[in-house]
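For reference, the chains in residue letters:
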Amino acid sequence: MNETIAAGLHLPDGPVGLDDGRVALSEMVDDRRCLTIVDAAGKRHEVARPGGRPTGVAVDGDGCFWTAGGPENSLVRFSPKGRTLQLIEGSDEGPFIFPNDLAFGPDGLLYMTDSGVEISDFVEGFGIRPDFLSAPYNGRVYQIDPREGRVLRTLATGLLLANGIAFDAEGLLYYSETLTGNIYRQIVGGRQEIFAHVLRSPTKDKLNGPAGMAFDRDGTLYCTIYGQGDICLIDQTGTVSGHIPTNGLLPGNIAFTLDGKYALITEQEHGAVERIPAPRPGMPLHMPSI
């Protein structure tokens, strides 16, 4: 069993390792819909309530929190104390639909996946709608200037539930497509290619597929497989090299602690944050000052 460092969370997602062993994350359900910090003792502290359906979380070099899925499906920047500083609602092509995950790139810009489906067509109560496969999807990946607060480019469209996002040590961009089981790779602004396929069996009546992602310093990609109850390890050739089981079937996202020694997993079946010793040290995230 993996170590549980926090429990009683309400659909947690988007973990980010902070200093002093703290973890920033989001809680998605209606009675919370908040940005939360969990300390080393497992105590929970609410930073802000953006509303909406907060999912991915990123932290910049000023200690501010970026949360995907704020009010009216926006991207929100909060001060370290939870004051709203900035709100981005969409691009020139239209509003965001279902902002999902975030990652700062080596260029100092912010990258975001949009699952591309209306939340009401995908979620029912606390779970996934039984007819989720019949919903219309147009998942996207956006490049965003965090200083100007605007979308610069749409890097991908037509994805079937765009989900996790990460950069490798060479600056290549990766993002997951949950319904197909594909993980894509591209030079920013270039043509995408399928880097890996990670589903053991195709999605049918229950949602399962790749979700959040993080790299270690040796170039191995760690990807949570929602509905399958594990973390898939993928080497630099796109080959699945191993699996790490999680305590529940619904791991949503993954991040490494700042020192790279542990992987943090938000697990939604049990509303918990799990921690495991990293097989290899985690790669540091980009955290530019804005």
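Notes on the structure in this doc start here. (Residues numbered from 1 in each chain as written. Predicted model: local features only at pLDDT ≥ 70, side-chain atom pairs only at ≥ 80, totals over all residues. Heavy atoms only, no water.)

### Notes on the environment of P80
Move 1: If you trace the backbone, P80 turns up in the loop between strand 8 (75-78) and strand 9 (84-88).
Move 2: For P80, a relative accessible area of 45% puts it in the partly exposed group.
Move 3: For the pair P80 and V47, spaced 33 residues apart in sequence, the C-alpha to C-alpha distance is 8.0 Å. (Helix = DSSP H or I, 4+ residues; strand = E, 2+ residues; numbered from the N terminus. Buried < 20%, exposed > 50% of the residue type's maximum accessible area, 1.4 Å probe, protein only.)

### Overview of the sheet that holds strand 2 (residues 12-17)
Move 1: With respect to topology, four strands assemble into an open sheet ordered 2-3-4-5, the strand pairing being antiparallel. In the strand order of this sheet, the two ends are held by strand 2 and strand 5 (44-48), each with one partner. Taking the axes of each pair of neighbouring strands and ignoring which way they run, one obtains an average angle of 30° across the sheet.
Move 2: Bridge analysis of strand 2 against strand 3 (residues 23-27) gives four bridges, and the strand direction is antiparallel. Bridging from a neighbouring strand, V16 pairs with A24 of strand 3. (Pairing = 2+ DSSP bridges. Axes fitted to C-alpha atoms, helices over the stretch in contact; angles between N-to-C directions.)

### Quick word on the nonpolar core
Generally speaking, soluble globular proteins have nonpolar side chains that are buried together.
Move 1: Residues Y174, I183, F195, V198, M213, L221 and I234 are the most contacted members of the largest nonpolar core, which totals 14 residues.
Move 2: If you list the elements that add at least two residues to this core, you get strand 21 (193-197), strand 22 (209-215), strand 23 (221-226) and strand 24 (230-234). (Core = buried A, V, L, I, M, F, W, Y, C linked by side-chain atoms within 4.5 Å.)

### Examining a nonpolar patch on the surface
Move 1: On the surface, a nonpolar cluster with roughly 280 Å² of combined accessible area is contributed by L258, L285 and M287.
Move 2: With respect to the secondary-structure elements, L258 resides in the loop between strand 26 (251-256) and strand 27 (262-267). (Patch = residues over 30% accessible without salt bridge, like charges linked within 9 Å, V, L, I, M, F, W, Y side chains within 5 Å. Areas by Shrake-Rupley, 256 points an atom, 1.4 Å probe, with all protein chains shown as cover. Salt bridge = Lys/Arg side-chain N within 4 Å of Asp/Glu carboxyl O.)

### Here we look at the side chain of R53
Move 1: Along the chain, R53 turns up in the loop between strand 5 and strand 6 (57-59).
Move 2: There is no salt bridge for the buried R53, and the closest opposite charge comes from D30, which lies 5.8 Å off by N-O distance.
Move 3: Contact partners of R53, with chain neighbours within four places excluded, come to L11, M28, A68, G69, G70, F98, I119 and V123. (Lys, Arg positive; Asp, Glu negative; His and termini not counted. Contact = heavy atoms within 4.5 Å.)

### Things to note about the pattern of salt bridges
Move 1: Evaluated as defined, the whole model comprises 15 salt bridges.
Move 2: A salt bridge links D131 to R129; the shortest N-O distance between them is 2.9 Å.
Move 3: Residue classification places R129 among the partly exposed residues on the basis of a relative accessible area of 23%.
Move 4: Linked through salt bridges whose partners overlap, the residues forming this network are E27, R32, R44, E46 and R49.

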